[in-house]
Amino acid sequence: MGGPDIRIIIMALFSELRRRNVIKVALLYALASLMILWLVGGSLISLGAPKWANEFVLLVLAIGFPVAVIFAWAYEITPTGLQRSKDVDQTQSFVYKTGQKLNAAMAVLAVLGVLALVGERLLPTFELPPIIEPILLPPVYEQPANVGVPQEIRAYTFDNGLRVIVWPDHDIPNVVMYTFVRAGGRNEYPGITGLSHFFEHMMFNGTKRRQQGEFDQTMEAAGGANNAYTSKDLTVYQDWFPRSALEIIFDLEGDRLANLAIDPAVVESERGVVYSERRMRYDNDNFGRLYLEMNATAFIAHPYQFPVIGWTSDIESWTQEDLESYFKTYYAPNNLTMVFTGDVSHEEIFDLAENYFGEIDAQDAPPPIRTVEPEQQGERRLLIEADAPTPLLHVTFHAGNAVDPGTLPLNVLLNVLVGGSSSRLHQAFVEEEQIALSVDGFQMEGIDPGLVYFYLTLPPGADPDTVEHRLLEELRKVAHEGITDGELNKARNIMVADYWRGMSTINGKASLLGNAEVFLGDYQRAFSLPDELNRITTAQIQELATKVFDRNKMTVGVLRSPGGGEE
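Model, not experiment: these values are computed from the prediction.

### Let's talk about the overall build of the protein chain
Here comes step 1: The helix and strand inventory of the protein chain stands at 21 helices and 11 strands.
Here comes step 2: For the protein chain, with 567 residues in total, the buried portion stands at 46%.
Here comes step 3: Relative to all contacts within the protein chain whose residues are 6 or more apart in sequence, the contacts with residues 24 or more apart total 78%.
Here comes step 4: Here the protein chain has roughly 29100 Å² of accessible surface; of this, 57% comes from carbon and sulfur atoms.

### Observations regarding unusual backbone geometry
Here comes step 1: The backbone phi angle of Gln 434 is positive, close to 55 degrees, even though this residue is not glycine.
Here comes step 2: Its place among the elements puts Gln 434 in the loop between helix H16 (424-432) and strand E9 (438-443).
Here comes step 3: Judged by its relative accessible area of 56%, Gln 434 falls in the exposed class.

### Observations regarding the packing of aromatic side chains
Here comes step 1: Evaluated as defined, the whole model comprises 30 aromatic pairs.
Here comes step 2: Summarising the aromatic geometry, the rings of Phe 204 and Phe 215 are spaced 5.6 Å apart at their centres and angled 85 degrees between planes, so their arrangement reads as edge-to-face. Placement of the pair is Phe 204 in the loop between helix H7 (195-202) and helix H8 (214-221) and Phe 215 in helix H8, with a sequence separation of 11 residues. For the pair shown, Phe 204 and Phe 215 are each scored as buried.
Here comes step 3: A centroid spacing of 5.7 Å and a plane angle of 70 degrees characterise the contact between Phe 299 and Tyr 304, whose relative ring orientation is edge-to-face.
Here comes step 4: Using a relative accessible area of 1% as the deciding quantity, one classes Tyr 304 as buried.
Here comes step 5: Directly above the aromatic system of Trp 167 lies the positively charged group of Lys 509, at a separation of 4.6 Å from the ring centroid.

### Some words on a negative patch on the surface
Here comes step 1: Together, Asp 159, Glu 347, Asp 351, Glu 354 and Glu 359 give the surface a local cluster of negative charge.
Here comes step 2: Within the fold, Glu 359 resides in the loop between helix H14 (346-357) and strand E7 (380-385).

### A short note on the packing of H8 against helix H9 (residues 246-259)
Here comes step 1: Viewed as axis vectors pointing N to C, H8 and H9 meet at an angle of 170 degrees, and their least axial separation amounts to 10 Å. Judged by the angle between their axes, H8 and H9 are roughly antiparallel. From H8, Phe 215, Thr 218 and Met 219 reach across to H9, where they touch Ile 248, Ile 249, Leu 252, Glu 253 and Arg 256.
Here comes step 2: Among the residues forming the contact of H8 with H9, the class breakdown is five nonpolar, one polar and two charged.

### Overview of helix H21 (residues 538-548)
Here comes step 1: Along H21, the residues classified as buried are Ile 541, Leu 544, Ala 545 and Val 548. When H21 is viewed along its axis, its buried side chains cluster within an angular range of 105 degrees and face the same direction. Along H21, exposed side chains directed more than 90 degrees from the buried face belong to Glu 543 and Lys 547.
Here comes step 2: For H21, the secondary structure elements touched by its buried residues are strand E8 (392-398), helix H15 (407-418), strand E10 (451-457), helix H17 (464-481) and helix H18 (485-503).

About the thresholds
Residues numbered from 1 in each chain as written. Predicted model: local features only at pLDDT ≥ 70, side-chain atom pairs only at ≥ 80, totals over all residues. Heavy atoms only, no water. Helix = DSSP H or I, 4+ residues; strand = E, 2+ residues; numbered from the N terminus. Buried < 20%, exposed > 50% of the residue type's maximum accessible area, 1.4 Å probe, protein only. Contact = heavy atoms within 4.5 Å. Areas by Shrake-Rupley, 256 points an atom, 1.4 Å probe, with all protein chains shown as cover. Phe/Tyr/Trp six-rings, centres within 6.5 Å; stacked < 30°, edge-to-face > 60°. Lys NZ or Arg CZ within 6 Å of the ring centre and 35° of its normal. Patch = residues over 30% accessible without salt bridge, like charges linked within 9 Å, V, L, I, M, F, W, Y side chains within 5 Å. Salt bridge = Lys/Arg side-chain N within 4 Å of Asp/Glu carboxyl O. Lys, Arg positive; Asp, Glu negative; His and termini not counted. Charge placed at Lys NZ, Arg CZ, Asp CG, Glu CD. Axes fitted to C-alpha atoms, helices over the stretch in contact; angles between N-to-C directions. Parallel < 35°, antiparallel > 145°, perpendicular 65-115°, else oblique. Nonpolar A, V, L, I, M, F, W, Y, C, P; charged D, E, K, R; others polar. Arc of directions from axis to C-beta.

Quick look at the structure:
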């Protein structure tokens, strides 16, 4: 014979519960709780009540619900409760009296909550005396440790990994904010090249809270302005604004970091904008076209070979998943460094940063770039034939990264060679021999080893081979004879003057601090440049020239009109 049917037991229990008051009490309490949450919660929000007020209401309701159900059960279901309801005046029962006391306690809790809420509004804010405060709240912000670094600078890394550096400067009531995102061409690979630059566009195109264009409108209405740029190593966002707009800017920046809208329609629109920018700046520009090909030739393994703007096929084929994954990884707070300079205090900046950025979650660190460019074993050459009234000659040599001890001496040498109209190569090639219309150069000072890059514009009909021969002749001369003490002192003076000119503005200060922090590993390195320049010698520069200007590490690119000569 089978056991009792479980369905019959459940139906019998449900019938008994329904006959009693348990379900009625539970349902009534649940409905009343929802109504209270709706009315009280809405009122609290409209009144600007603190966050704990809503939590207090939830606590009171959460305690009251099981109490009500337990007492209904005790009265209506348990044998003891049923018997007492028949034999004893319920108003004198233990259950009834306990219920009264608990109801009174719940009422007291509710009254205390209201009084606390009113009290917080009416009572003055209590501040610890200045003598006690340092004892209870010891400073947690990093202070400069190196000699020569302004002692008012503070730095702090928040729990989510966000790094913030503050340099107060109260000369004018303006503020500069730089956000350094460690995302550039080096963080990309075939299929997603150009994404870092693409997000430079997307960051101004709306969030879940703001419509497209509202970011700029709000900032400009508050008296601010902004810009951004992307390089092979970084994407950098710049805000300039009056002190009165400080909290507005934090709200704008926190919103787009936490709530950027990667809307497919906007993505397609910006994809077209970036594609047009590529055609204008590179495909249809002779200098840009040769520059992209030079990087793709000089680097054969490292991602520095990719154009920051991206390859055309990648721009056309980024997927929604590519975009969302890249933003989540690279725009996480643990991948950002923010620098503030101007009319601020470090306390208010750190408080605002905690309020507006502190709740943004950190993410797993971006994958490291493990590829190391192999040593170049011989000359590489490329020729582009295009409509070019003035031929172009580009020449590169492999060099170090930003922290390489040879990087600063090499910058001094570049100043001697191509730093302005009085430089060696300008005087020789443009003024005297007139074999070039212009000659210039730069060094890639990146996270990974880069290039020393010379670029020359030649007169119509000029022979690029002849100019290349003269350029290499001058570089060999530096390697064999070095530079003079006068040239070294002149280059130092120019570089120190440029340095202090940058330090004289809050914008220059923010840029120097941020770049030192990101590329050199410590913002305090921004203040060591004058001393480092003074330690450079002519012998050091000559030795470096011998090492760097090696034809086996050279890449040569020529862009000329078809039939302009034989390669």
